[in-house]
Amino acid sequence: MITLYKTAGYYTSDELDTLTTEVMEFLGDAYPDECKARKVLGSYDSFIDAYVNETINDSYWEDFRLNMND
């Protein structure tokens, strides 16, 4: 099982799969042309991975900021 650290525990592989699926659905709806172009160019997976990592990092830093203000 793959786990990634998050502020209040870990991301399990199931949570990461869910997040990845949600990101793919969001990007497919919001940016369909870019997703199609990236699939053709072979850069779709790295595009999704980068967006997932950005989402995780944004969540981490938001939790960090909230905890620092307590």
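All of these numbers come straight from a predicted model, not from anything done at the bench.

Novice: For this particular structure, what's the right way to read the packing of aromatic side chains?
Specialist: A ring pair, where both rings are aromatic, is described by two values, the distance of the centres and the angle of the planes. Enumeration over the complete set of coordinates arrives at two aromatic pairs. Both rings, one in Phe-26 and one in Tyr-31, keep their centres 6.5 Å apart while their planes meet at 85°; by these two values the pair is edge-to-face. Taken together, a centroid distance of 6.0 Å and an interplanar angle of 35° make the contact between Phe-26 and Tyr-51 tilted. Linking Phe-26 in helix H1 (residues 13–30) with Tyr-51 in helix H3 (residues 44–68), this pair joins segments that are 25 residues apart in sequence. On the accessibility criterion, Tyr-51 (27% relative accessible area) is partly exposed. The rings of Phe-26, Tyr-31 and Tyr-51 are connected pair by pair, giving a single aromatic cluster.

Novice: Would you explain the pattern of salt bridges in this entry?
Specialist: Once their charged atoms are close, side chains differing in charge can pair, the charge on each being opposite to the other. Overall, the coordinates contain one salt bridge when judged by the stated rule. A salt bridge links Arg-38 to Glu-34, with the shortest nitrogen-to-oxygen separation between them at 2.9 Å. Pair noted here: Arg-38 and Glu-34 are both in helix H2 (residues 32–41), with a separation of four residues, about one helical turn. Residue classification places Glu-34 among the partly exposed positions, given a relative accessible area of 32%.

Novice: Could you clarify how one ought to interpret the nonpolar core in this entry?
Specialist: In summary, soluble globular proteins display a tendency toward joint burial of nonpolar side chains. One finds Tyr-11, Leu-16, Leu-19, Val-23, Leu-27, Cys-35, Tyr-44, Phe-47, Ile-48, Val-52 and Ile-56 forming the largest nonpolar core, which totals eleven residues. When residues of this core are traced back to their parent elements, those giving at least two are H1 and H3. Sort the elements by how many residues they give to this core and H3 lands first, with five residues. Not counting the four nearest positions on each side in its chain, Val-52 is found in contact with Leu-16, Leu-19, Thr-20 and Val-23.

Novice: Could you clarify how one ought to interpret H2 in this entry?
Specialist: Because the α-helix completes a turn every 3.6 residues, residues three or four places apart line up on one side. For H2, a buried count of one out of ten residues is recorded, marking the element as mostly open to its surroundings. Just downstream of H2 lies Gly-42, where phi reads positive at about 80°.

Analysis parameters
Residues numbered from 1 in each chain as written. Predicted model: local features only at pLDDT ≥ 70, side-chain atom pairs only at ≥ 80, totals over all residues. Heavy atoms only, no water. Phe/Tyr/Trp six-rings, centres within 6.5 Å; stacked < 30°, edge-to-face > 60°. Helix = DSSP H or I, 4+ residues; strand = E, 2+ residues; numbered from the N terminus. Buried < 20%, exposed > 50% of the residue type's maximum accessible area, 1.4 Å probe, protein only. Salt bridge = Lys/Arg side-chain N within 4 Å of Asp/Glu carboxyl O. Core = buried A, V, L, I, M, F, W, Y, C linked by side-chain atoms within 4.5 Å. Contact = heavy atoms within 4.5 Å.

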